[in-house]
Amino acid sequence: MAIKLHSSLVSLTALLILSLSSISLTSAQDSGTATYYTPPYTPSACYGFEDDGVMIAAASDVFWNDGGACGQMYQVTCLSGTNEGTPEPCLGSGSAVVKIVDHCPPGSCRGTIDLSQKAFESIADTNAGVINISYQQSVLFILYILNSFGLWRLFFFYLLFSLIHAESEEWERDKISCSFEENMAN
């Protein structure tokens, strides 16, 4: 009974974590334009030479907030094109979540948010160059925290160990039970 309860708790914990990881808490939605920049993505104004992957962006002064935007996650959604050359640039769901790692300074910044090329091409045709977007701050709750600290590996090893341990205890219990039943039959 205790083994099945332990196994059930581990399974419920895993289900809860996976469910929460897809919950996105968002703030009010704003609109603007997005452009993209090409690698290399370092150094950045927020993290220097630290590699933050490719789903990243640079914030314009609209929400840079003197570096306060560093590390914040934004859900960016392609709404439409801004030029006739690519009238319908939006792809698939047209949304991506990016981490702000840099500043797009006035004068050189052509959009509200400057996405990495990989982030831009996940929501729109790069031939468009500039797209109309909606954007909102987003916190991908558990996955962001677990990923930030490398804890997701530890969590999954814990789950795997717990399941293996529960199975081995159940196997041992069944083995003892069978031995007891055999002895009682004799």
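Model, not experiment: these values are computed from the prediction.

How each quantity is defined
Residues numbered from 1 in each chain as written. Predicted model: local features only at pLDDT ≥ 70, side-chain atom pairs only at ≥ 80, totals over all residues. Heavy atoms only, no water. Helix = DSSP H or I, 4+ residues; strand = E, 2+ residues; numbered from the N terminus. Contact = heavy atoms within 4.5 Å. Core = buried A, V, L, I, M, F, W, Y, C linked by side-chain atoms within 4.5 Å. Buried < 20%, exposed > 50% of the residue type's maximum accessible area, 1.4 Å probe, protein only. Phe/Tyr/Trp six-rings, centres within 6.5 Å; stacked < 30°, edge-to-face > 60°. Lys NZ or Arg CZ within 6 Å of the ring centre and 35° of its normal.

Caption draft 1: Here's a closer look at the side chain of S60. Structurally, S60 is set in the loop between β3 (56-59) and β4 (73-81). Beyond its immediate chain neighbours, meaning those up to four positions away, S60 contacts C104, C109, G111 and T112.

Caption draft 2: Representation of the nonpolar core within the structure. V76, I100, I113, L115 and I131 are the most contacted members of the largest nonpolar core, which totals 23 residues. Looking at this core, the elements with two or more residues in it are β3, β4, β5 (95-103), β6 (113-116), α2 (117-123) and β7 (131-140). Other than its neighbours up to four places away in sequence, I113 contacts T33, A34, T35, A57, A58, F63, V76, V98, I100 and I133. Ranked by size, the runner-up nonpolar core spans 7 residues in total, among them Y37, I56, A58 and C109.

Caption draft 3: Summary view of the environment of P89. Topologically, P89 is positioned in the loop between β4 and β5. When the C-alpha atoms of P89 and N127 are compared, they prove to be 8.0 Å apart, with 38 residues separating the residues in sequence. The contacts of P89, once residues within four sequence positions are left out, are S80, G81, I123, A124, D125, A128 and I131.

Caption draft 4: Quick peek at the packing of aromatic side chains. Counting across every chain of the model gives 5 aromatic pairs. With a centroid separation of 5.3 Å and 85 degrees between ring planes, the pair formed by Y37 and Y41 is classed as edge-to-face. Here the two residues Y37 and Y41 agree in accessibility, since each one is buried. In textbook terms, an aromatic cluster arises when at least three aromatic residues are bridged by ring pairs, as seen for F63, Y74 and Y135. The ring of Y47 has K99 sitting right over it, with the charged end atom 4.8 Å from the ring centre.

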